[in-house]
Amino acid sequence: MVDVSTKVPSVRIATARSRIRMLSTTAEMIRSGTCSKGDILSVARLAAIGATKLTSQLIPLCHAIPIEAVTVEFRGPEPVDATFAELECRVSVKTTAKTGVEMEALTAASVACLTVYDMVKSVDRGMTISAIELIEKSGGKSGSFDRENQISGKT
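What counts, and at which threshold
Residues numbered from 1 in each chain as written. Predicted model: local features only at pLDDT ≥ 70, side-chain atom pairs only at ≥ 80, totals over all residues. Heavy atoms only, no water. Helix = DSSP H or I, 4+ residues; strand = E, 2+ residues; numbered from the N terminus. Contact = heavy atoms within 4.5 Å. Core = buried A, V, L, I, M, F, W, Y, C linked by side-chain atoms within 4.5 Å. Buried < 20%, exposed > 50% of the residue type's maximum accessible area, 1.4 Å probe, protein only. Expected span 1.5 Å × (residues − 1). Bend = angle between axes of the 7 residues up to and from the residue.

Engineer: Please set out the side chain of Thr-107 residue by residue, giving values where relevant.
Structural biologist: Position of Thr-107 relative to the elements: it lies in helix H3 (residues 102-120). If sequence neighbours within four positions are ignored, Thr-107 has contacts with Ala-51, Thr-55, Leu-58 and Ile-59.

Here's what the structure looks like:
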């Protein structure tokens, strides 16, 4: 585990996303709220929030840090083509600590999609979870990261 004892606490924010691709009929069940297990996105939101608090228990060398705020947003599910739709989950995590919350945001975004999978797997076992990635982070010695600007070459 990295020694962070000499670091100065700072406000740290990280945002991550993940996506789950599903059949269009599954997406419609989620949108309409007709899934037999209930409100899929509300349960996935709670799972994501809970995952931020448990990240250090799942990732062996991850520090246990206080979580001060979590926001979970879903986009979609939106049609990809006539057969498939995709749901995106974005999670932002905030803390004032000596180390960042990138792993908490990534874990939460992953767990949100895993929860969606679990809740509708009885009707669509072919779902695919993908694009688990850090979108942006701020705070700490290493400064800021913004995926969109990094990829486009903007500063």
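Now that the structure is up, let's keep going.
Engineer: Got a sec to walk through the nonpolar core? Specific residues and values, please.
Structural biologist: Considering soluble globular proteins, one finds that nonpolar side chains tend to be buried as a cluster. Formed by 32 residues in total, the largest nonpolar core has its most connected members in Met-22, Ile-30, Phe-74, Val-91 and Val-116. Looking at this core, the element that brings in the most residues is H3, giving nine residues.

Engineer: Can you explain helix H2 (residues 40-58)? Please cite residues and give values.
Structural biologist: The end-to-end C-alpha distance of H2, which contains 19 residues, comes to just 24 Å, noticeably less than the 27 Å that a straight helix rising 1.5 Å per residue would cover. At Thr-52, H2 is bent by approximately 50°, the largest bend along its length. What H2 keeps buried is the set Ile-40, Leu-41, Ala-44, Ala-48, Ala-51, Thr-52 and Thr-55. If you follow the buried residues of H2, they end up packed against helix H1 (24-32), strand E2 (69-79), strand E3 (84-97) and H3.

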